[in-house]
Structure formats: structure tokens, C-alpha cells
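The chain contents come next:
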Amino acid sequence: MNTRTPVENPLLSNWVTPDEVPPFPQIKPEHFVPAYDHAFAAHEIEVAAIAAFPDRPDFENTIAALERSGKDLQRVDGVFHLLVGAHSNDALLEIERELAPRAASHWNNIHTNPDLFRRIDVLMRQAETLGLDPEQKRVLERYHTTFRRAGAGLDGAAKERLAEIIERLAALGTTFSQNVLADEQAFTLSLEGEAELAGLPDFMRQAMKSEAHERGLDGCVVTLSRSSVEPFLQFAQRRDLREKVFRAFVNRGDNGGPTDNKAIIAEMVKLRAERARLLGYQDFAHYRLDDAMAKTPEAVRRLLDTVWSPARAHALADRNALQALAQEEGGNFKLAPWDWRYYAEKLRQRRCNIEEAAIKPYLNLDRMIEAAFYTAQRLFGLWFSPRNDVPVWHPDVRVWEVRDNGGGEVGLFFGDYLARPSKQSGAWMTSLRDQEKLAGDIRPLIINVCNFSKGAEGEPTLLSFIDAHTLFHEFGHALHGLLSNVTYPQISGTSVATDFVELPSQLYEHWLEQPEILRQFALHYQTGEPMPEALLQRLIAARNFDQGFATVEFLASAFVDLDFHSLSSAPAIDSAAFETQSLARIGMPDEIVMRHRPPHFGHVFSGGGYAAGYYSYMWSEVLDADAFEAFKETGDIFDPATAKRLRETIYAAGGSREPADAYKAFRGRLPSPDALLRKRGLVEAATALLSPARAGG
Ligand SMILES: [Zn+2]
């Protein structure tokens, strides 16, 4: 054990801060390694004592004891992972590289500890006779599943090999995400003069100026964050510049040299297949999905196939319309992927009579945060008030105290909304502390991290409608953490299956699209006027515009993910060739690229949270489309009885039951993909495809 006294290290001292929030200003990168040394060692001692406990195993001395262990590690981990994602630097990234295999091996040693597994296994066999309440039974089950799936039941040689694989995968995953970050940081495109800025609306120029300013540059820059690239591709008139930005974006992690991720992908896929076989599964996808709501790759493919045909048909029809529009404007070229968003924006203006630039002034970040809070107040009786006394990791971070209708404290919510160079791209929810009742009435500290382009000096930050969706989405995850009402940490908040975890987030997005929310919160940032009713109606009507494209780019990533992880033998694959073949098999349109190409597919290759699991977003969408219809059927989008049932069965329930059972408790039945096809406006295409006149086409 490390001899350094914990008191010297702010990560290990008692946090005498408001709400025991980590004392961020005092935490320096050099504190992490000694804190981890201490936390790993302390956890090892706790676990060894549980494994060697002289009494016969019971729930309290084994499962509850495990649930109480590792508190220091959780604290250090919470701070470290938050900072590495939201505000990293070279020192933290260096520590992350060193730490990832160490943490993987620490957890693997616990999950494959034979004495510990024997105790859990004994309990599992007696589960019915131990007098456990339903939550305890579920927690025991989760432990047993986790240990079994980690290989606790394997013999020595297999277990050793598995440990090697897990450690190596952790190291590869870290390198993968750091390579993507390096490629993102290496690229900026400076734009000079009207010729290069042509087509870009004011809000973009301002955002690009502040991006330049953040980097100590003059003028306007395009960066490789999604919220910089997508609007650029949508508006920039200069086709050559669009191509340049597009290529840089889709080639992240695929540029040869030290940051290239293709060899890492090949090795990870091979190791995952081997891991699955060691555990008795035919491939990684079967292994992964066995513990998901979907259960089998076949069930996933059925859903993806059902949606793919109508989505592709829709996208191809849109492509023809875009090509015609380009020609009409004198463009004598075949539509390329970097043209899609540009002409789609023009087509949207024509078909829906709606311009992104006209909407954005009404989507002020602050008003959209209020809209998300208001929705939570109407549905769940939550109230948010700003807190300025809580330590934060960056001056842009905002903190709110969350209370329920009776004034009871729910937790703290941290919003870290603005892009900066030290932040990983994307948007996510995380926590510094999860809700539980085992160690007292523990209130959660929940965080949303986004990458919205900051408004110019003195100007508010304005969002696109997509950004506003992201805000609602991540806030839905935040509510899943905040409303959690369970006893055991193991099943708290978002600790649910990956294909179920997007239900609370995606469902929440539906409220953003309701006229009564937009009328109240989509106010012009200068005049305070509400969005004109006609514009509002057109905005809502436009929600299905370009859904063929959006569905195709998503599904392509989901198919390729599943294909990589359906390899049962472990040949040395060429990841680029594999990607090409996989896309050819589904008939990927030339003009659309995957939403995430493998070399920067962080969901799948940074750590592997979504490996063979990217489909989860669509699986959850089947649920969220159907779940929102439960509100619509009552005629009230805030129907109190439905909201109460939603809170109890989904948002507060954490992982306390099987996802299918939780959903049935809310809705009385499981959903079919119909509501999803309706939501995405793909029903007509589906019907056309199935009609006799088109059969065989
Ligand atoms: Zn999500």
C-alpha cells in the first residue's frame, strides 16, 4: 500500500466542499497516480477480506460487502474520467494510457477471483430461499452474471489468457481514442476573405471566430468537432473547401503514421473474437448480446433489416432530387458525399421553406436549458436553481441544485455545454457520484458534457435544432441518474443494458419537438419575440426531412459494427477492406458515408462500451417512439398518470429488473418497430416497398 498519507492528496482527503463535490481547483494531474495506487490497494484488501471471510456466504457478508467496497476508487475514477473527457491535457492523457490496462487488470482480478465466485455461486443457487427482496435478488443475479461473463468459472490457463486479452484491449482502446483526439487537434482550416466564407451565415462566422480565438489564431477556423463540420458542410459554397473538411473529418484515425487506427481495429476485433470463444460463445456479438435486451445478433439484424430497406429507398430518392438541384444550379458534377448536406439544406429550404439560419436565433442555449428544466418540472415535479458555491473543473461549467415538489434534495446537475480544445468531441452524460441508499441517503452528482460552439464575445450561444436535440438527449440521461431510487449502487441510474439506456434520453427529445415547448422557449435572442408560428410549424413539419440520409448513415455504422463482431475465427483482417465489403453487402449509396467510420468509431473501439452494440440507439428508438405514443394517446404530453408510471418503471428503476419487464410495466406490452417507422417518416417507403407492384424490385 502506498505510504503517502491520504491527507496530502486532495483526491483522498475528505471533501469538505458544498455537497462534497471534488475540490477541482486543488486537484492536479500528479495527484492521480498516488491516489490510484492507494485506491486500488485499499480495494484489493477489502475484496480479499470478503473472499476469505470465514462465515458461510450470505447476502450481507458477500454481495452487500462488495457493494460497499471500493469507495476511494470510485471517487478517484469519477474525477479522472470526467477530466480526461471534458478537460484533458498531455499529463492526464499520459496517465490514462498507463492506467487503462492497470484498471482492466484490477477489475479482472476481482471478477475472476475463484473464492469470491464460489461464494456468489452458492448464493445464486440458493437465491429463492434466502429471503431476498426483489432488488437484492436482482443485484445478486447481476453479480453472478458479471463474474460468469468475465470468466470466473474458467480453468487457470483460459483465465490467464483472458486476463491478457482484457488488459491488451484496454490499452488498445485508450490509444484508439487518443489517436482520434490527436487527429482532431491537428486540423484547423483557416478561412480568409469573402470568397472562402461564401455562404456561411453570421452565427457560423461568429462561432468560427471564437474557435480561432480559443486556439490563439486570428480570423475564422473550421475544426473537426461535429458541431463545426456539419454546419460548414451545410452552408459553405466553396465545393473544394467542403471536400477538404469532409475528407479530414471522415479520415480521422485513418491517415497513416502514428495516429492511424486500422491496425488497432484489426487487433481488437481478433482479441474480442478470441475472448468470446474462451467464454463459450461463437463470436463476440453473441457474447455481447446475451446480456442485452436484444439477446441475439439475429434479433438485432431483424430490426436493422426492417428499417434498412425503406431508409435506403428514401435516401436514394432524395439523392436524385439533390443531384437534380445541383444540375439546376449549374453544377456539372456527380453528387459527392461532401455535397449532400449543402444541397440538402437548399432542398430543405425549398420543400419545407425553412432555413437553418432563420431558426438559430430562436434557439438560445440558456432558453433551451430552461425548456429542458421546465419539461422535467411538468413531468416529474423537479425544480432547478443555480449554485455558484460549488467547485467546478472549468469556468464554463454551470451547476444547478435539483429539488422535488416537496422541496426534497434530488442531487446536483452540472452542465458543461461549450466546445473547447481540451474536450473530447461528442456529447455524453457522466456522474461524479451515483444515487444509492446502502451507504446512507446518497444524492447523485450528474454531469452533461456537450460541444456547442460558443457564441462570440458578449453574445449568447445559439444552437441548431440538432444541438437542441442533443441537449435534451443528454438531459434525459441526466434525469435517469438524478431520479434513480434504488438501494444498491450496482443497479443505480444508468446501470442498465446498453440497448435500453438510450430510452430515457431519446424519449426526452420528443418534448423538444412539441409546439407548446417551442412557443414558450424558442425566443429570439435579440428581441425576445417567440418564433413566428408559421416558422415553428414548418420546423416541426421538417423533422422528417432527410431522414433517409440520417437513417442510412446510422444503420451503416450499426451493420459494420455487427459484422466486425460476428467474425468467429480470428484471422488477421484488413479493416479497410472489411469496411468496404460490409458496406457493399448492404448496398450503401456512394453519396453517403457511415456516421462513424471504423477508424474513429469511439463507441465501438474506445473502450468498447458499444462494441456490437451501436444498434442500441435504434433498439431504444423502437421503445422511445412507442413510449411517447403513450402520452399522445392520453391527449396530454404531460399526462400526470403516464408521467408517474414512466418515472417509477423507467427513470427511477435503474437496473432493478430485466429491461423487457421494465418496459412492459410501463406500457403493458412490448413495442413493434411501427412507431419508429412512423416517427422517421419511413412508413410510406416501407409500404411502397412491400406493395405487389414493387415486389422483387
Ligand atoms: Zn445517449
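All values reported here derive from a predicted model rather than from experimental measurement.

Trainee: How do you make sense of the overall build of the chain when you look at a structure like this?
Mentor: If you tally the helices and strands in the chain, you get 29 helices and seven strands. The globule rule puts the C-alpha radius of gyration for 697 residues at 26 Å, and the 25 Å found for the chain is close to it. Across the 697 residues in the chain, those meeting the buried criterion constitute 60%. For the chain, the share of sequence-separated contacts (at least 6 apart) that also reach a separation of at least 24 residues comes to 74%. Surface exposure of the chain reaches about 27,700 Å², of which carbon and sulfur atoms provide 50%. Distance from the positive charge centre (76 side chains) to the negative charge centre (97 side chains) of the chain: 3 Å.

Trainee: Quick question: what am I supposed to make of the packing of aromatic side chains here?
Mentor: Applying the stated criterion across every chain yields a total of 43 aromatic pairs. Measuring from centroid to centroid gives 5.8 Å for W308 and F559, while their planes differ by 90 degrees, and the two rings are edge-to-face. On the criterion of sequence distance, the pair formed by W308 in helix 14 (residues 297–328) and F559 in helix 22 (residues 547–564) is long-range, its members being 251 residues apart. Ring plane angle 80 degrees and centroid distance 4.9 Å describe the contact between F601 and Y614, whose orientation is recorded as edge-to-face. Taken together, the residues span a long stretch of sequence, with F601 in the loop between helix 23 (575–586) and helix 24 (602–605) and Y614 in the loop between helix 24 and helix 25 (616–634) at a distance of 13 residues. Of the two residues, F601 and Y614, both sit in the buried class. Connected via pairs of aromatic rings, a cluster forms that spans F373, F384, W400, F413, F472, F475, Y508, W511, F628 and F631. Cation over ring: R149 sits above Y287, and NZ or CZ is 4.1 Å from the ring centre. In this structure, R272 is placed above the aromatic ring of F284, and the distance from its NZ or CZ to the ring centre is 5.6 Å.

Trainee: Is there a simple way to think about the nonpolar core in this case?
Mentor: Side chains that are nonpolar tend, in soluble globular proteins, to be buried together. Counting residues in each nonpolar core, the largest one holds 149 residues, and the members touching the most others are L471, F475, L479, F500, Y508 and W511. Those residues in contact with F475 that lie beyond four places of it in its chain are A372, F373, A376, F384, F413, N448 and Y508.

Trainee: What is the right way to look at the coordination of the zinc ion in this model?
Mentor: Taken together, H473 (NE2), H477 (NE2) and E502 (OE) make up the full set of protein donors to the zinc ion, lying 2.1 Å away. Read in sequence order, the donor residues coordinating the zinc ion give the pattern H-x3-H-x24-E. Of this pair, H473 and H477 both sit in helix 18 (residues 465–482), four residues apart, which is roughly one turn of the helix. For H473, a relative accessible area of 10% puts it in the buried group.

Trainee: I would appreciate a short explanation of the pattern of salt bridges in the present structure.
Mentor: Within the structure shown, the criterion is met by 59 salt bridges. One salt bridge in this structure joins D115 and R118, with 3.0 Å as the shortest N-O distance. One end of the pair is D115 and the other is R118, both in helix 5 (residues 114–125) and three residues apart, which spans about a single turn. Of the charged contacts, one joins E345 and R348 as a salt bridge, the two residues approaching to 3.3 Å between their closest N and O atoms. Remark: R348 and E345 occur in helix 15 (residues 337–352); sequence separation between them is three residues, near one turn of the helix. Look at the salt bridges and you will find they share partners, linking D19, R387, D389, E401 and R403 into a network.

Trainee: Would you explain the confidence of the model for the chain in this entry?
Mentor: Low pLDDT marks stretches whose predicted atomic positions should not be read closely. Of the residues in the chain, 97% have a pLDDT of 70 or more, and the chain-wide mean is 93. Taken as a whole, residues 1–6 scores under 50 in pLDDT and shows nine contacts with residues more than four places along the chain or in a different chain. Of the regions scoring below 50 in pLDDT, residues 685–697 engages in eight contacts with residues more than four places distant in sequence or in other chains.

Trainee: Any chance you could explain the layout of surface pockets here in plain terms?
Mentor: Over the atoms rolls a probe the size of a water molecule, and in doing so it shows where empty space is left. Here the second largest pocket defines a volume of roughly 300 Å³. For the lining of the second largest pocket, the secondary structure elements donating two or more residues are helix 14 and helix 25. By residue number, the principal contributor to the lining of the second largest pocket is helix 14, which donates four residues. Among the residues making up the lining of the second largest pocket, the classes are represented as ten nonpolar, two polar and three charged.

Trainee: Would you mind going over the sheet that holds strand 3 (residues 383–386) with me for this structure?
Mentor: Within a sheet, adjacent strands bond to each other through the backbone by hydrogen bonds, running parallel or antiparallel. Read from one edge to the other, the open sheet built from five strands follows the order 3-4-5-7-6, with strand pairing classed as mixed. The open sheet has two edge strands with one neighbour each: strand 3 and strand 6 (428–433). Adjacent strand axes in the sheet meet at a mean angle of 30 degrees, parallel and antiparallel pairs treated alike. Of the pairings in the sheet, the one linking strand 3 to strand 4 (residues 398–403) comprises four bridges and is antiparallel in character. Within the sheet, the bridge partner assigned to P386 lies in strand 4 and is W400.

Trainee: Hey, could you run me through the environment of I466 in this one?
Mentor: Here I466 shows up in helix 18. For I466 and R387, which are 79 residues apart along the polypeptide, the C-alpha to C-alpha distance reads 28 Å.

Trainee: What's the story with the packing of helix 1 (residues 32–51) against helix 3 (residues 71–86) in this structure? I'm lost.
Mentor: Look at helix 1 against helix 3: their axes get within 8 Å of each other, and the N-to-C directions meet at 145 degrees. By crossing handedness, the relation of helix 1 to helix 3 is classed as left-handed. Note on element contacts: helix 3 touches helix 1 through D72, L73, V76, D77, V79, F80, H81 and L83, opposite F32, A35, Y36, H38, A39, F40 and H43.

Trainee: How do you make sense of the packing of helix 25 against helix 26 (residues 640–651) when you look at a structure like this?
Mentor: When two helices pack together, their arrangement is captured by the angle between the axes and the distance separating the axes. Following both chains from N to C, one finds helix 25 and helix 26 inclined at 160 degrees, their axes separated by 9 Å at the closest point. When the axis of helix 25 is compared with that of helix 26, the two are roughly antiparallel. In this structure, the crossing between helix 25 and helix 26 has a hand that is right-handed. Together, A630, F631 and T634 of helix 25 and T642, A643 and L646 of helix 26 make up the contact between the two elements. Here the residues of the contact of helix 25 with helix 26 are counted per class, giving four nonpolar, two polar and no charged.

Procedures and definitions
Residues numbered from 1 in each chain as written. Predicted model: local features only at pLDDT ≥ 70, side-chain atom pairs only at ≥ 80, totals over all residues. Heavy atoms only, no water. Helix = DSSP H or I, 4+ residues; strand = E, 2+ residues; numbered from the N terminus. Rg over C-alpha atoms; globule rule 2.2 N^0.38 Å. Buried < 20%, exposed > 50% of the residue type's maximum accessible area, 1.4 Å probe, protein only. Contact = heavy atoms within 4.5 Å. Areas by Shrake-Rupley, 256 points an atom, 1.4 Å probe, with all protein chains shown as cover. Lys, Arg positive; Asp, Glu negative; His and termini not counted. Charge placed at Lys NZ, Arg CZ, Asp CG, Glu CD. Phe/Tyr/Trp six-rings, centres within 6.5 Å; stacked < 30°, edge-to-face > 60°. Lys NZ or Arg CZ within 6 Å of the ring centre and 35° of its normal. Core = buried A, V, L, I, M, F, W, Y, C linked by side-chain atoms within 4.5 Å. Donors = N, O, S within 2.8 Å, 3.2 Å for Na, K, Ca; no water. Salt bridge = Lys/Arg side-chain N within 4 Å of Asp/Glu carboxyl O. pLDDT = per-residue confidence, 0-100. 1 Å grid on protein atoms, 1.4 Å probe; cavity = no way out; pocket = protein on both sides within 12 Å on 5 of 7 lines; lining within 4 Å. Points joined across faces, edges and corners; volume = space filled by probe spheres on them. Nonpolar A, V, L, I, M, F, W, Y, C, P; charged D, E, K, R; others polar. Pairing = 2+ DSSP bridges. Axes fitted to C-alpha atoms, helices over the stretch in contact; angles between N-to-C directions. Left-handed = near helix turned anticlockwise from the far one by under 90°. Parallel < 35°, antiparallel > 145°, perpendicular 65-115°, else oblique.

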